[in-house]
Amino acid sequence: MRDAASMSGRSEQREPAAGAGPISALAALIRADIAANGPMPVQAYMARCLYDPEHGYYRRRPAIGAAGDFVTAPEISQTFGETIGVWTMLVWRAMGRPEALQLIELGPGRGTLMDDLLRTLGTFAARGAGIKSLALRLVETNATLGALQRGRLAARIDADPAVTATWHETIDSLPADGGPTIVIANEFVDCLPVRQLVRTEAGLAERCVGLGADGRLRFVAGSPVSRAEAAAAGFPAAVLAGALADGAVIEARPDLPPLLARLATHAPLAGLVIDYGHSESAAGDTLQAVRRHRFADPLEEPGLADLTAQVDFASLARDAAEAGLAVEGPMAQGPFLMALGIGIRAERLMHSADAPTANMIETAVARLVDPAAMGVRFKVLGLRSPELPPLAPFGP
């Protein structure tokens, strides 16, 4: 079984288990729901914790940054977003330099990645290689983060008549076909709710959240699920075909195939999925919670902690292929960024900085690319319409 704590790049410390003190407002609602209707599948629990209209974690909390609960790669160093900007220009050229481009970011955080990306595109434009019309589409469910994004990007958008920006709460409100499209999804897929099955003595069963004798939330086995039903629901065939020990957990992301199918309606399309996870499908409970930069119990204080689960890149690649997209990778984040010149960019920044600042730049970039930090456990998957040539740096 995989250790979720060792795979996440969001935190390095573990929060002590919470005592039986006051519970969150959402916890009270979930307990009442379970008491009335029975155990809640993990997928429904995770969705409720993150997206409940009133109390969901991603609805109102700022989440990201030193004052939030975790830090993502764009917040660590400006070179991350700048490097994605370089990649965007390379893909635009590979598309034949279309005059109009749609740029979609799924889960834009505080707008940091897009800000750094747009600054990089502006550098290319100053050299005569600009995109004539750039339609930004930012998919964001969190009203607080959406306001931060608007504030951060306003000056840059206002200064460039070629750029327009639209915010969308879900991908369903995106245009059906916006023409040439580039999609960036950095630490987005790990937030999509996972469905879990658990191996019991009687076979596979839905893994659910129920109530213990003390009234606290706990994991329980729910209704039985046959292996045929599990395969039809998208659980990895390679895992289902193997021997599963009692208590083993397997995961699938039901929301992912329709999302990929929706994105595939845009053509030509190229995209990047950057996230933490594993390259091959395997059994393991990877659900985790992070609060105040520490790991927390996923069942304590629902709605007040970030819940994520590792990305199964093998399953993601399969779902993308079934949606009609060509897939490249996954490639470890470190080699991906280095191949696109993040080291060169860092050296240039350090050259013009004072010694303390140069040291900070070096440390931040090392965190992104070092195999002992985020360089390996974070991976990058490339997606493209089949008619496009291989994407840099995956292809020749």
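Treat the numbers as computed from the prediction; the structure is a model and nothing was measured.

Cut-offs used in this document
Residues numbered from 1 in each chain as written. Predicted model: local features only at pLDDT ≥ 70, side-chain atom pairs only at ≥ 80, totals over all residues. Heavy atoms only, no water. Helix = DSSP H or I, 4+ residues; strand = E, 2+ residues; numbered from the N terminus. Buried < 20%, exposed > 50% of the residue type's maximum accessible area, 1.4 Å probe, protein only. Contact = heavy atoms within 4.5 Å. Areas by Shrake-Rupley, 256 points an atom, 1.4 Å probe, with all protein chains shown as cover. Core = buried A, V, L, I, M, F, W, Y, C linked by side-chain atoms within 4.5 Å. Axes fitted to C-alpha atoms, helices over the stretch in contact; angles between N-to-C directions. Parallel < 35°, antiparallel > 145°, perpendicular 65-115°, else oblique. Left-handed = near helix turned anticlockwise from the far one by under 90°. Nonpolar A, V, L, I, M, F, W, Y, C, P; charged D, E, K, R; others polar.

S.K.: I'd like a rundown of the overall build of the chain, residues and numbers included.
M.R.: A tally of helices and strands in the chain yields 15 helices and 17 strands. Here the chain holds 396 residues, and 54% of them are scored as buried. Put simply, of all contacts in the chain between residues at least 6 apart along the chain, 78% involve residues at least 24 apart. Working note: accessible area of the chain is about 16200 Å², and carbon and sulfur atoms make up 55% of it.

S.K.: Before we move on, could you go through the nonpolar core and cite the residues and values that matter?
M.R.: Ile-84, Trp-87, Leu-134, Leu-136, Leu-272 and Phe-336 are the most contacted members of the largest nonpolar core, which has 47 residues in total. Discounting chain neighbours no more than four positions away, the residues touching Ile-84 are Leu-113, Leu-117, Ile-184, Leu-272, Ile-274 and Phe-336. With 23 residues, the next largest nonpolar core counts Leu-106, Val-139, Leu-325 and Leu-383 among its residues.

S.K.: Quick rundown of the packing of helix α14 (residues 342-351) against helix α15 (residues 355-369)? Include the residues and the values.
M.R.: The description of two helices packed together rests on the angle between their axes and the distance between the axes. Packing of α14 against α15 brings their axes to within 9 Å, and their N-to-C directions diverge by 165°. One way to sum up the angle between α14 and α15 is to call them roughly antiparallel. In the crossing of α14 with α15, the sense of the turn from one axis to the other is right-handed. Of α15, the residues touching α14 (which contributes Ile-342, Ala-346, Leu-349 and Met-350) are Ala-358, Ile-361, Glu-362, Val-365, Leu-368 and Val-369. Here the contact of α14 with α15 is composed, by residue class, of nine nonpolar, no polar and one charged.

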